[in-house]
Amino acid sequence: MKRLWDKDLPVDNLILKYTVGNDFHLDERLVEYDIQASIAHASMLKEKGLIKKDDYHKISKALKKIGKDHKNGEWKIDLEQEDCHTAIENHLTKYLGSAGGSIHLGRSRNDQVLAALRLYLKDVGDNVAKELELLISKINVLIKKQGEVQLPGYTHTQRGMPSSVKLWAEGYTSELSDDVIGIKLATNRADKNPLGSAAGYGTPGLNIDRELTTKSLGFKSTHEPVTAVQISRGKAEASVIFEITIILGDLAKLASDIILFYSDEFSFLDIKKNITTGSSIMPQKNNPDVFELVRSAESIGIASLVETLSISSKLISGYHRDLQRIKMPLFRSIDIAIDTIKIMTHSIENISFNEKNIILNPDIYATEQANKLALEKNISFREAYKMVAKKIDEK
Ligand code: ARG
């Protein structure tokens, strides 16, 4: 028997292929989390006397081995098995016979997939936060080296007021630090234990203890009532994708600044040649492709967020297979975000400002002059503004 729902009737292969899609590939990353959740579930069943102590020890040992073998590349989920939950239970029954099948008491793949996804999302939150801290530390190195270099501050892409590398870069470190808080808050939505909600309506006739799995898996709380769990599918995912998109938005602005400052017309900064790319036709080119691709990653985040929100939108309560499709935008945006933060950390070490090319003309001090004039002459800012503007116009 391959699938958990097999009732010894043949399955239409085209239907199986379509309904599984690439979910069996996507589920590869959830295997380790489903193993954790399965061990916690089995332990709870043992505590409640719902499976034999002896069976629990066998199940937990076998699950650990199945997880280790998967990590070592000894098995992969196949299409026939549909998902990681089935593949793991198949392996378990292969090792233990009917004792392996006893683990499915009081659970459904509907709460299993949410448990695995939430454990994964909590790890993603920690990972993204760690990568962001690393990027911030590299921007701080640039500030330490070249913070004093002056820069024009722009509004409307027109020179507005004097700025500096320090002021410019600290805008980014401040926002990225805020993004660290954002991603941590987003994973709060994933910090509720769905196990025990089973297909979405609990486990009638069974005296299970949901608090036990909440504690052993390190969730902050138990997701109550059982009917809330399926309504929430996609919400933690959307929160994480939203925060990721915010991060990618900050990185896109940083990349855009670098691309502009690197142009021949600006020449404010240099990018080390080995992180630029060449042109197939123009021998002189050293292109900032890496920053252009960083800039475009935000769009993938936005598209993934819209995709995720629309998949769950307007469904009735309870589980629906539609929800499976959320994994694709979720994983895609997470992977792009982590890769993008990492490449920015690497690339930022390869830029340096060209102080001699950054010349501020006197007009850029006009606001400062108007401020000072207002104080010195005890006149309103508007009057001072007009006086300074007149002087500039007369030039
Ligand atoms: N791959 C499925 C998903 O992500 C797992 C749950 C399947 N449940 C079901 N009743 N068919 O949603």
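So, how was this worked out
Residues numbered from 1 in each chain as written. Predicted model: local features only at pLDDT ≥ 70, side-chain atom pairs only at ≥ 80, totals over all residues. Heavy atoms only, no water. Helix = DSSP H or I, 4+ residues; strand = E, 2+ residues; numbered from the N terminus. Expected span 1.5 Å × (residues − 1). Buried < 20%, exposed > 50% of the residue type's maximum accessible area, 1.4 Å probe, protein only. Salt bridge = Lys/Arg side-chain N within 4 Å of Asp/Glu carboxyl O. Near = heavy atom within 4 Å. Polar contact = N/O pair within 3.5 Å; in protein donor to acceptor, adjacent residues only side chain to side chain. Areas by Shrake-Rupley, 256 points an atom, 1.4 Å probe, with all protein chains shown as cover. Nonpolar A, V, L, I, M, F, W, Y, C, P; charged D, E, K, R; others polar. Contact = heavy atoms within 4.5 Å. Phe/Tyr/Trp six-rings, centres within 6.5 Å; stacked < 30°, edge-to-face > 60°.

Caption draft 1: Spotlight on unusual backbone geometry. The residue after Glu224, namely Pro225, is reached through a cis peptide bond having omega -15°. Counting through the fold element by element, Pro225 comes out in the loop between strand E4 (221-222) and helix H10 (226-231). With phi around 75°, Glu82 is a residue other than glycine that occupies positive phi space. Among the structural elements, Glu82 can be located in the loop between helix H4 (53-71) and helix H5 (84-96). Here the phi dihedral of His156 falls at roughly 55°; this positive angle occurs in a residue that is not glycine.

Caption draft 2: Region of interest: helix H11 (residues 235-262). For H11, spanning 28 residues, the distance from its first C-alpha to its last is 40 Å, which sits close to the expected 40 Å at 1.5 Å a residue. Most of H11 sits out of view: 21 of its 28 residues are buried.

Caption draft 3: Examining the pattern of salt bridges more closely. According to the stated counting rule, one finds 20 salt bridges in the structure shown. Here Asp23 and Lys327 are joined by a salt bridge, their closest N and O atoms 3.0 Å apart. Taken as a pair, Asp23 in helix H2 (residues 23-26) and Lys327 in helix H13 (residues 327-348) lie far apart in primary sequence, 304 residues in all. Given the relative accessible area of 4%, Asp23 is considered buried. Residue class for Lys327 comes out buried when judged on its relative accessible area of 3%. Residues Glu89 and Arg107 are paired through a salt bridge, measuring 3.8 Å at the closest nitrogen-oxygen approach. Taken together, the residues Glu89 in helix H5 and Arg107 in the loop between helix H6 (98-101) and helix H7 (109-146) connect sequence positions 18 residues apart. Taken individually, Glu89 and Arg107 each receive the classification buried, so the pair is uniform in this respect. Each member of the salt-bridge network shares a partner with another, and the members are Glu82, Asp83, Arg109 and Arg321.

Caption draft 4: A look at the site of the ligand. The immediate surroundings of the ligand are formed by Asp23, Arg109, Asn110, Val113, Arg233, Tyr319, Gln324 and Lys327. At 2.8 Å, a side-chain N or O of Arg233 approaches an oxygen atom of the ligand. Gln324 places a polar side-chain atom, nitrogen or oxygen, 3.0 Å from a nitrogen atom of the ligand. Coverage of the ligand by the protein chains reaches 86% of its 340 Å² of free accessible surface. Considering every element that reaches the shell around the ligand, the biggest residue donor is H7, with three residues. Class assignment for the residues of the shell around the ligand results in two nonpolar, two polar and four charged.

Caption draft 5: Just the environment of Ala255, in detail. Counting through the fold element by element, Ala255 comes out in helix H11. With relative accessibility at 0%, the residue Ala255 sits in the buried group. For Ala255 and Glu298, which are 43 residues apart along the polypeptide, the C-alpha to C-alpha distance reads 11 Å. When neighbours within four sequence positions are excluded, Ala255 is seen to be in contact with Phe291, Val294, Arg295 and Met344.

Caption draft 6: Local environment of the packing of aromatic side chains. Per the stated rule, a full pass over the model turns up 11 aromatic pairs. Here Tyr120 and Phe331 contribute two aromatic rings whose centre-to-centre distance is 5.3 Å and whose plane-to-plane angle is 75°, an arrangement assigned as edge-to-face. Of this pair, Tyr120 sits in helix H7 while Phe331 sits in helix H13; the two residues are 211 residues apart in sequence, bridging distant segments of the chain. Relative accessible area serves as the criterion here: at 7%, Tyr120 is assigned to the buried category. Judged by relative accessible area, Phe331 falls into the buried class, the value being 2%. Plain terms: the ring middles of Trp168 and Phe353 are 5.4 Å apart, the flat faces sit at 75° to each other, and that makes the pair edge-to-face. Taken together, the residues Trp168 in helix H8 (residues 165-188) and Phe353 in strand E6 (residues 351-353) connect sequence positions 185 residues apart. Residue Trp168 is classed as buried on the basis of its relative accessible area, which comes to 13%. Under the relative-accessibility criterion, Phe353 is labelled buried at 5%. Taken together, Tyr154, Trp168, Tyr172, Phe261, Phe266, Phe268 and Phe353 form an aromatic cluster joined through their ring pairs.

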